[in-house]
Amino acid sequence: RTTVTNDGEVALLRADDIDQVHMDAHFAVPGLSNLEKLGIFDGPFYEWRSQAMAVMEGADHRRLRGFVGLAFAPSQMARLRGMVRERAGELIDRRHEAGEMEVLADFASDLPLWSMCRFVGIDDEDRERISQFLFGTEEGFSSPMTPERRARCEASIVALNTYVTELIG
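It should be emphasised that the depicted structure is a prediction, and the values quoted were computed from it without experimental measurement.

## A closer look at the overall build of the protein
Reasoning step 1: A tally of regular secondary structure across the protein gives nine helices and two strands.
Reasoning step 2: Long-range pairs, those at least 24 residues apart, make up 45% of the contacts in the protein between residues at least 6 apart in sequence.
Reasoning step 3: In the form shown here, the protein has an accessible surface area of approximately 11900 Å², with 55% of it arising from carbon and sulfur atoms.
Reasoning step 4: Charge separation in the protein, taken as the distance between the mean sites of 19 positive and 29 negative side-chain charges, equals 4 Å.

What follows is the structure, given as structure tokens:
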């Protein structure tokens, strides 16, 4: 099953559908060619995306995948799985009490970022701040690319990079 978001994006709702798309060569992670089609060949967003493991190939990709793969050991995933189930239950319970639920706004917009922050040890207090950075980056793949969209996207990447620098510094 799929649905279309208010922004016109297709949202997959079943794990089987996600697995099918993941294995289909017609679907790919948005890479540099997607940005170039939108007229972005440089700047903070382009540089950030060029360093993402998902767009790397060859030896660089294998090296990073080997390093990052250690964090995804079965014991780590089991620990995270329990926390994600608990959080999912909390989100559903909140909306059950309210008597209605907007899946994207009340569930799907929270759970992925909450899970990622838990996985890497980022406090809940910073999650909203990070959410604002990421909201702007989504526009980096939007068509048509306008100067305003690009400015928001690049400002978000600069803010995210500043946050990460503060976090590890």
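## Considering the packing of aromatic side chains
Reasoning step 1: Scanning all chains against the criterion turns up four aromatic pairs.
Reasoning step 2: Seen in terms of ring centroids, Phe133 and Tyr163 are 6.1 Å apart; in terms of plane orientation they differ by 50°. Their pairing is tilted. Of this pair, Phe133 sits in helix H8 (residues 124-137) while Tyr163 sits in helix H9 (residues 147-168); the two residues are 30 residues apart in sequence, bridging distant segments of the chain. In terms of burial, Phe133 and Tyr163 fall into one category: buried.
Reasoning step 3: An aromatic cluster of at least three residues, connected via ring pairs, comprises Phe45, Trp48 and Phe141.

## Notes on the pattern of salt bridges
Side chains that differ in sign of charge can pair as their charged atoms come close.
Reasoning step 1: Applying the stated rule across the entire model yields 13 salt bridges.
Reasoning step 2: Of the charged contacts in the structure, one is a salt bridge between Glu139 and Arg149, with a shortest N-O distance of 3.9 Å. One end of the pair, Glu139, is in the loop between H8 and H9; the other, Arg149, is in helix H9, and ten residues separate them in sequence.
Reasoning step 3: When the shortest N-O distance is used, the salt bridge between Arg150 and Glu154 registers 3.0 Å.

## Description of the side chain of Asp110
Reasoning step 1: In this fold, Asp110 is placed in the loop between helix H6 (103-108) and helix H7 (111-120).
Reasoning step 2: When its relative accessible area of 15% is taken as the criterion, Asp110 is described as buried.
Reasoning step 3: Not counting chain neighbours up to four residues away, the residues in contact with Asp110 comprise Arg87, Leu91 and Arg127.

## A look at the packing of H8 against H9
Reasoning step 1: The interhelical angle for the contact between H8 and H9, taken along N-to-C directions, is 145°, at an axis separation of 7 Å. The way H8 lies across H9 gives a crossing that is left-handed. Two secondary-structure elements touch here, H8 through Asp126, Arg129, Ile130, Gln132, Phe133, Leu134, Gly136 and Thr137 and H9 through Arg152, Cys153, Ser156, Ile157, Ala159, Leu160, Tyr163 and Glu166.

## Focus: the environment of Val164
Reasoning step 1: Examined against the element boundaries, Val164 turns out to sit in helix H9.
Reasoning step 2: By relative accessible area, Val164 is classed as partly exposed at 36%.
Reasoning step 3: Here the alpha-carbon distance between Val164 and Ile130, two residues 34 residues apart in the chain, equals 9.8 Å.

## Describing the state of the cysteines
Reasoning step 1: Taken as a whole, this structure holds zero disulfides when the rule is applied.
Reasoning step 2: Summary of cysteine pairing: Cys117 is not part of a disulfide, and the nearest cysteine sulfur, belonging to Cys153, is at 19 Å.
Reasoning step 3: Residue class for Cys153 comes out buried when judged on its relative accessible area of 2%.

## Examining unusual backbone geometry
Reasoning step 1: Looking along the chain, the bond that leaves Ser143 and enters Pro144 is cis, with omega of 0°.
Reasoning step 2: For Pro144, the position within the fold is in the loop between H8 and H9.

## Thoughts on the environment of Glu139
Reasoning step 1: Residue Glu139 is classed as buried on the basis of its relative accessible area of 16%.
Reasoning step 2: Setting aside residues up to four positions removed in sequence, Glu139 forms contacts with Met145, Arg149 and Arg152.

Cut-offs applied
- Residues numbered from 1 in each chain as written.
- Predicted model: local features only at pLDDT ≥ 70, side-chain atom pairs only at ≥ 80, totals over all residues.
- Heavy atoms only, no water.
- Helix = DSSP H or I, 4+ residues; strand = E, 2+ residues; numbered from the N terminus.
- Contact = heavy atoms within 4.5 Å.
- Areas by Shrake-Rupley, 256 points an atom, 1.4 Å probe, with all protein chains shown as cover.
- Lys, Arg positive; Asp, Glu negative; His and termini not counted.
- Charge placed at Lys NZ, Arg CZ, Asp CG, Glu CD.
- Phe/Tyr/Trp six-rings, centres within 6.5 Å; stacked < 30°, edge-to-face > 60°.
- Buried < 20%, exposed > 50% of the residue type's maximum accessible area, 1.4 Å probe, protein only.
- Salt bridge = Lys/Arg side-chain N within 4 Å of Asp/Glu carboxyl O.
- Axes fitted to C-alpha atoms, helices over the stretch in contact; angles between N-to-C directions.
- Left-handed = near helix turned anticlockwise from the far one by under 90°.
- Disulfide = S-S within 2.5 Å.

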